[in-house]
Amino acid sequence: MFSPPDDPGRRFAVIAESLYLANLLIAPGVAFLGLLCLWRRADVRTLPLARQHLRQTLAASLWAGVLLVGLSAIILLVGGFASMWSWFAVILYFIVFHSTLVLCGMVGLSRALAGQPYRFPLVGPGDPT
Amino acid sequence: MQYSSQAVAKPYFVAAIGLFVGQIIFGLIMGLQYVIGDFLFPAIPFNVARMVHTNLLIVWLLFGFMGAAYYLVPEESETELWSPKLAIILFWVFLVAGALTVVGYLAVPYATLAKMTGNDLLETMGREFLEQPLPTKIGIVVVALAFLFNITMTVLKGRKTAITSVLLLGLWGLAIFFLFAFYNPVNIVLDKMFWWYVVHLWVEGVWELILGAMLAFVLIKITGVDREVIEKWLYVIITLTLVTGLLGTGHHYFWIGTPEYWQWVGSVFSALEPIPFFALTVFAFNMVNRRRREHPNKAATLWALGTGVMSFLGAGVWGFLHTLAPVNYYTHGSQITAAHGHMAFYGAYVMVNLTMISYAMPLLRGRQANSEKSQVLEMWSFWLMTVSMVFITLFLTAAGILQIWLQRLASDPQPFMVVQDQVSLFYWMREWAGVIFLIGLLAYLASFFVGGRPAEARAS
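Once a new chain begins, its residue numbering starts again from 1 and follows that chain's sequence as written. Naming scheme: in the order in which they are written, chains are lettered from A and ligands are numbered from 1. The predicted origin of the model limits local features to residues at a pLDDT of at least 70 and limits the giving and counting of side-chain atom pairs to 80 or more, whereas totals for whole chains, interfaces and linings rest on all residues. The basis for every side-chain value is the complete set of non-hydrogen atoms in the structure, without hydrogens or water.

Chemist: Explain the overall build of chain A here, please?
Modeler: When helices and strands are counted, chain A shows five helices and zero strands. Only runs of H or I of at least four residues qualify as helices and only runs of E of at least two qualify as strands under DSSP, and these elements are numbered from the N terminus. Helices and strands in chain A line up, N terminus first, as α-α-α-α-α. Considering only C-alpha atoms, chain A reaches an extent of 55 × 30 × 25 Å along its principal axes. Burial here depends on accessible area, computed with a 1.4 Å probe over protein chains only, as a share of the maximum for the residue type. Under 20% is buried, over 50% is exposed, and the range in between is partly exposed. Looking at the 129 residues of chain A, the share that counts as buried comes to 49%. Here, residues are in contact when the closest pair of their heavy atoms is within 4.5 Å. The long-range share in chain A, meaning contacts at least 24 apart out of those at least 6 apart in sequence, stands at 65%.

This is the structure:
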């Protein structure tokens, strides 16, 4: 699927990917709310490219929350806040997973800019059709 | 190859790769010295191995930049090089000076070398990365000025493009900031402050302009995307680089005796430094996604995309990791810095040079792209080197976290060497990852000697 440059869905696809990245990088939570607001707009969901990117970024954001906040918290709770090894594990874990999720978002953004669909590896939902 | 004078780039690329091999061998020697302290002592002490490792890196990257300029400027300017003969003379001058300097490091004690080379006339030696004797430093300036003269004259007599303008800005900046290597004030605060004018403003300033220009040139060639689109991205990237990178120098001024406001300036601006690398990655992927042709040189495309990703990780993510003053208070000068340095140099400057060499060398050898077989081997080398560099970085990061905890955070902090013993497992793993890196580099070398029918272009 390649959308033409004047496809209005492309703009929303770019916004969705940007909000996903903003949620990871500069405005966690706030950007995710923006993504939810975008998803609630029926006019946006009717645009195939926008809908595809929105589904992917929403799912990936939820996974990011579980992987980054949830698992990091579990490591610290199980290992203890005063333990060197829990900080050792959580810092390495967080850097690797956070960087991977950001890189996926960057590829998604470049695909959206080019008017192409993108499926996040492993965490992105499959095509419903 | 459109202009015969572009051929002068070839010896520069060959020398760059040769010195790259030397750099990695000395890196492995040094990595082993981390865990077997007296390995090769007293023949090659750690401080000498380190000096050779870092100096070879700088010299081969400079060879790569010069080769890239000699290749791309005639094509961009649509004219022959102003003086190919001057380029060849400079090549030999630079190579001989570089080789003599390394021999000097290895054959003579550093203090004796300083005495022999007139350091008492103008004291410039003894500073990290700028250890070169005075005659070598003067040689670098002479070579750089003559090189810039040659390149600038070529640009002036031909077409002016955004790529050549950005490249020239970067190369002139490189030469000008190197002049601070000659200024060595007695006041140690000023000494450090001006030392960073060379080191930081090179790698987090003007070198990024050179990187951007080289990457933009290769992307225009391999994707066929309109020059205007790529040039707009290039302008955005270099603006972001200069806005963040210049005042980002402040992240080196936290603890050297400069006023406290540098902690704010350095933290804020250097926290923004990942942005140009972010833009660079999106730029590279976006151009490849919008490509108008299937260039037969798949290996060059892979190197170009890899440059974006790895420079973002190494310079952006690992830089940000320890750049805020309250964090840097604990991480300063630890293995976290080494982790960042390794991945940032590899991701940004090693990879952009290999991108350029991968694109230009087949053309310099009379074909658009190497055979499929050769490219498969080259892509293997890409993955071996890149994945092993990721692991080198992760192992050094792991060592750094433990080092900081045991040496600086614990309620009963331990001495440096005691801690070094405790993290030696990670140094061993780093060394093995380094061996894989060397295997990748040897595969890269071997790919030049794999024959077969050159790959051909396909319509997109």
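Chemist: Sorry if this is basic, but what is going on with the overall build of chain B here?
Modeler: Helix and strand counts for chain B stand at 16 helices and two strands. When we talk radius of gyration, it's over C-alpha atoms, and the globule rule is simply 2.2 Å times the number of residues to the 0.38. For chain B, the C-alpha radius of gyration of 22 Å lies close to 23 Å, the compact-globule estimate for 460 residues. Seen through its principal axes, chain B has C-alpha atoms that stretch 65 × 45 × 45 Å. The burial tally for chain B puts 62% of its 460 residues in the buried class.

Chemist: Would you mind showing me how to read the confidence of the model for chain B here?
Modeler: For any part of a model where pLDDT is low, the fine detail of the predicted coordinates should not be relied upon. Summing up the model confidence of chain B, the mean pLDDT is 96 and the portion of residues at 70 or higher is 99%. Here the prediction assigns the complex a pTM of 0.94, and the interface score ipTM is 0.89. pLDDT is a residue-level measure of predictor confidence that goes from 0 to 100.

Chemist: Just checking my understanding: could you explain helix α9 (residues 261–271) of chain B for this structure?
Modeler: Each α-helix turn comprises 3.6 residues. Residues three or four places apart therefore point the same way. Residues and elements named next belong to chain B. Turning to α9, its buried residues number three or more, namely Trp-262, Gly-266, Ser-267 and Ser-270. Here the buried residues of α9 occupy an arc of 125° about the axis, which is enough to place them on one side. For α9, the exposed residues set more than 90 degrees away from the buried face come down to Tyr-261 and Trp-264. Structurally, α9 contributes buried residues whose contacts are with α8 (227–248), α10 (274–289) and α12 (325–331). Here the arc refers to the directions that run from the helix axis out to each C-beta atom.

Chemist: Explanation requested: the nonpolar core in the structure shown.
Modeler: What tends to happen in soluble globular proteins is that the nonpolar side chains get buried as a cluster. Residues and elements named next belong to chain B. Tyr-70, Trp-202, Trp-207 and Leu-219 are the most contacted members of the largest nonpolar core, which has 182 residues in total. Here this core takes 21 residues from helix α7 (residues 188–223), the largest share from any one element. Those domain boundaries reflect an automatic or database domain assignment. Two domains each provide a minimum of three residues to this core, namely domain 1 (1–160) and domain 2 (224–460). Those residues within four positions of Leu-219 in sequence are excluded, and the remaining contacts are Gly-224, Ile-230, Phe-283, Ala-284, Met-287, Val-288 and Ala-304. Nine residue types can take part in a nonpolar core, namely buried Ala, Val, Leu, Ile, Met, Phe, Trp, Tyr and Cys, and a core is a set of them joined through side-chain atoms within 4.5 Å.

Chemist: Honestly, the interface of chain A and chain B in this entry has me stumped. Any pointers?
Modeler: Often the size quoted for an interface is simply the accessible area lost on bringing the parts together. At the interface, 23 residues of chain A touch 22 residues of chain B. Accessible-area loss on putting two parts together, using a 1.4 Å probe and summing over both, is the definition of buried area adopted here. Regarding the contact of chain A and chain B, the summed buried area is about 1900 Å², with carbon and sulfur atoms giving 86% of it. Considering only the side of chain A, the residues that lose the most area to chain B are Met-84, Phe-88 and Met-106 of chain A, jointly responsible for 29% of the buried surface there. Under this definition, polar contacts are N or O atom pairs within 3.5 Å; protein pairs additionally need one hydrogen-donor-capable and one acceptor-capable atom, and for neighbouring residues in sequence, both atoms have to be side-chain atoms. Where chain A meets chain B, there are two residue pairs in polar contact (both at pLDDT 80 or more). Considering each element in turn, the side of chain A that touches chain B owes the most residues, 17 residues, to helix α5 (residues 84–113) of chain A.

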